Structure formats: C-alpha cells, structure tokens
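# Geometric and topological summary
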Amino acid sequence: MSTELWQELATQVIHGDRKGVENSVHDLLAQGVSSREILEAMITAMGEVGRRFEACEYFLPDMILSSEAMKAGLKHILPRLKEEGQAFRGKVILGSVQGDVHDVGKSIVGSALIGSGYEVVDLGVDVAPEVFAQRVRELGAEVVGASAYMTTTTVQLPKVNEALKAAGVRDKVKFIIGGAATSDAYVDWAGADGWAETAWDAVTLVNRLLSKSA
Ligand code: B12
C-alpha cells in the first residue's frame, strides 16, 4: 500500500477535506485495505487535530470540519464493516451524555460493534439520562453505552445509572462508559459495568460482559 495514500488520508482528515477523505477511503477499500486499518489511520489523524487545538493552532471551526470529514469517511466504511460482521450478537444503545456534543468517538465505537455483529442504536448527542433509560426499556437492549468527552459532562454518567435504576431496567442491561474524559477509575463511581479506552476494546468489553467469544 502506498504510504502516499495514507499520508493523503491523514492530511485530508486534519484539513477537514470531506470529499478528499471520501475519495481516499474509497481508494483504500478498493485496494483491499481493511476497514479497521482505515479507521485506525483516521483516529490517529483526529489525535493530531486535538493536539493542534490544544496548542491553539486550531479553533472550533477547524475541529468541526475535521470531525465532519471523518464521519463522511465512516459512512463509506460502515457497509464494509456490516459485510464483515458476524451473525447477530445483541443490541447495544449508545449516546453522548447530556451537555456533550462530541460524537466522533461514539460513532467509531458504534461502527466497530456493528462490524462485530451487534445491532447498534445510536441516540446521538446531548442525551438526557431518562432518555437512555426509556430507550433501554422500549428496545430491550443488552448493553447501553454512555460517553463523556469533557470533564464537566462526566457527572452525567452516574445520573444515567440512576435513571436506569429508576426505570427498573438496571439489572436487565449492562452499562458501559467511555470517552476521552473517562478512565477505568470512573467505573465504580458511575455505577457502570465497564469502561473501554478504544473502539476495539469496547467490542472486547461487550463480548466479555455478554460472555461471547471474540
Ligand atoms: C472534535 C472536537 C470537538 C468538535 C466535536 C465534533 C463532533 N461531531 O464530535 C467540536 C468543535 C464540536 C467540539 C466542541 C467543544 N469541545 Co471539543 N474536542 C474535539 C477533539 C479535538 C477531538 C475529539 C475526537 O473526535 N477525538 C477522536 C476520537 C476518535 O477519540 P475519542 O473521542 O477519545 O473516542 C475514542 C475513545 O474515547 C473511545 N470511546 C469513545 N466513546 C466511547 C463510548 C463508549 C461507551 C466506550 C466504551 C468507548 C468510547 O473509543 C473511541 C475510538 O477509539 C477533542 C480533543 C481530544 N484530544 O480528544 C476536543 C475536546 C474533547 N473538546 C474540548 C472542549 C473544551 C470543547 C468545547 C467546550 C470548546 C468550546 N470552548 O466551546 C466544546 C464543547 C461542546 C459540547 N457542549 O460538547 C476539550 C475537553 C476538555 C475536558 N477534558 O473537559 C477537548 C479534550 C480539547 C481540549 N484539550 O481542550 N470539540
């Protein structure tokens, strides 16, 4: 695989070149590159976007463009992941907690789960604790995942747990947490069943909680 194409993809994500990302993803897939490798490359490029923001080289509009470009790439990968996916393994509900509009990481987790045979219901961003609980009750999901990407929104995680309890579904669903502002240390505090650092770890976690082999 030409390193040029990889570099191009990284640059396109970093520069928020939506059309360019779509073309590169298309070309890489056509050359037989696995969807997972492409995802990893885009995640690394988003890391550079984060670094630039922290260094005040990038501002909000730049980050929006990069995440939109990345999501456009994800759309092309999703059908491939579905094809590669195994037989139906269970239903997972995902959402970014109330007050949090970050969703790139959650979308990647969703894609990785779909690629591993799970049905994913994505509630989107800024999801109130009661909405997580209501959807779990309505859809009978096996797993619910809440993500928090800012220190200020981590406080929503135990609220999701409380809402699940109040709706009488906490003992029927595994509750997992993730997102850049969280760590393993938040699991007990949030009343969760597990945390994962990356999308692939999230798949392993869900498999483990539902006792399914990889
Ligand atoms: C892109 C971005 C934005 C975009 C989001 C667009 C979108 N559609 O998502 C926009 C421009 C909207 C944005 C806005 C803001 N942002 Co912002 N943003 C980022 C940035 C640069 C990248 C996030 C990202 O996409 N990362 C790439 C993905 C792939 O990584 P990830 O999110 O960590 O996801 C992985 C894992 O965490 C895990 N995972 C993710 N979700 C889940 C869920 C589960 C269940 C599991 C198990 C695992 C899991 O798997 C993923 C894949 O491996 C980060 C910087 C950074 N380094 O993270 C800041 C960052 C998160 N933002 C930050 C801030 C402060 C803001 C704003 C408040 C800025 C402002 N002044 O307005 C607003 C807040 C808006 C709001 N109310 O939510 C801070 C948060 C600081 C903190 N710790 O509190 C960060 C860390 C930047 C910084 N260093 O200051 N942001």
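Below: a short report on this structure. (Residues numbered from 1 in each chain as written. Predicted model: local features only at pLDDT ≥ 70, side-chain atom pairs only at ≥ 80, totals over all residues. Heavy atoms only, no water.)

### A short note on the packing of helix α5 (residues 104-115) against helix α9 (residues 199-209)
Taken N-terminus to C-terminus, the directions of α5 and α9 make an angle of 50°; their axes are 8 Å apart at the nearest point. In terms of orientation, α5 and α9 fall into the oblique class. Remark: the crossing between α5 and α9 carries right-handed chirality. Here Ile 108, Val 109, Ala 112 and Leu 113 of α5 lie close against α9, whose contacting residues are Ala 199, Trp 200, Ala 202, Val 203 and Val 206. Partitioned by chemical class, the residues of the contact of α5 with α9 number 9 nonpolar, no polar and no charged. (Axes fitted to C-alpha atoms, helices over the stretch in contact; angles between N-to-C directions. Helix = DSSP H or I, 4+ residues; strand = E, 2+ residues; numbered from the N terminus. Parallel < 35°, antiparallel > 145°, perpendicular 65-115°, else oblique. Left-handed = near helix turned anticlockwise from the far one by under 90°. Contact = heavy atoms within 4.5 Å. Nonpolar A, V, L, I, M, F, W, Y, C, P; charged D, E, K, R; others polar.)

### Notes on the coordination of the cobalt atom of the ligand
A four-donor tetrahedral metal ideally has 109.5 degree angles, and a six-donor octahedral metal ideally has angles of 90 or 180 degrees. Coordination of the cobalt atom of the ligand by the protein comes from a single atom, His 102 (NE2), at 2.2 Å. On the secondary structure map, His 102 appears in the loop between β1 (90-96) and α5. (Donors = N, O, S within 2.8 Å, 3.2 Å for Na, K, Ca; no water.)

### Re the nonpolar core
Residues Leu 9, Val 25, Ile 38, Leu 39, Met 42 and Leu 113 are the most contacted members of the largest nonpolar core, which totals 39 residues. Mapped by element, the contributors of at least two residues to this core are α1 (3-14), α2 (18-30), α3 (35-54), α4 (60-84), β1, α5 and α9. When residues in this core are grouped by element, the largest group, 7 residues, is from α9. Counting 23 residues, the second largest nonpolar core, distinct from the first, contains Ala 133, Ala 146, Ala 167 and Val 173. (Core = buried A, V, L, I, M, F, W, Y, C linked by side-chain atoms within 4.5 Å. Buried < 20%, exposed > 50% of the residue type's maximum accessible area, 1.4 Å probe, protein only.)

### Here's the deal with α3
In this model α3 runs 29 Å from its N-terminal to its C-terminal C-alpha over 20 residues, within 8% of the 28 Å that 1.5 Å per residue would give. By the burial criterion, the buried members of α3 are Ser 35, Ile 38, Leu 39, Met 42, Ala 45, Met 46 and Val 49. Down the axis of α3, the buried side of the element spans an arc of 125°, and every buried residue falls inside it. Across α3 from its buried face, at more than 90 degrees, point the exposed residues Thr 44 and Glu 54. On its buried face, α3 is in contact with α1, α2, α4, α5 and α9. After α3 finishes, the residue Cys 56 shows a positive phi value of roughly 60°. (Expected span 1.5 Å × (residues − 1). Arc of directions from axis to C-beta.)

### Section: the packing of aromatic side chains
Scanning the entire structure with this criterion turns up 1 aromatic pair. Judged by centre distance (5.5 Å) and plane angle (80°), the ring pair of Tyr 186 and Trp 189 falls under edge-to-face. With Tyr 186 and Trp 189 both in helix α8 (residues 186-190) and 3 residues apart, this pair spans about one turn of that helix. For Arg 36, the ring lying beneath its charged end belongs to Trp 200, and the centroid distance is 4.2 Å. (Phe/Tyr/Trp six-rings, centres within 6.5 Å; stacked < 30°, edge-to-face > 60°. Lys NZ or Arg CZ within 6 Å of the ring centre and 35° of its normal.)

### Things to note about the pattern of salt bridges
Once the charged atoms of two side chains with opposite charge are near each other, the side chains can pair. Taken as a whole and judged by the stated rule, the model has 11 salt bridges. Among the salt bridges present, the one from Lys 106 reaches Asp 122, with a minimum N-O distance of 2.8 Å. Here Lys 106, found in helix α5, pairs with Asp 122, found in strand β2 (residues 118-122); they are 16 residues apart in sequence, far enough to count as distant. Relative accessible area serves as the criterion here: at 3%, Lys 106 is assigned to the buried category. Linking Lys 165 and Glu 162 is a salt bridge whose minimum nitrogen-to-oxygen distance equals 3.5 Å. Highlighted residues: Lys 165 and Glu 162, both in helix α7 (residues 156-166), separated by 3 residues, approximately one helical turn. A residue is classified by how much of its surface remains accessible, and Lys 165, at 46% relative accessible area, is partly exposed. Judged by relative accessible area, which is 45%, Glu 162 ranks as partly exposed. (Salt bridge = Lys/Arg side-chain N within 4 Å of Asp/Glu carboxyl O.)

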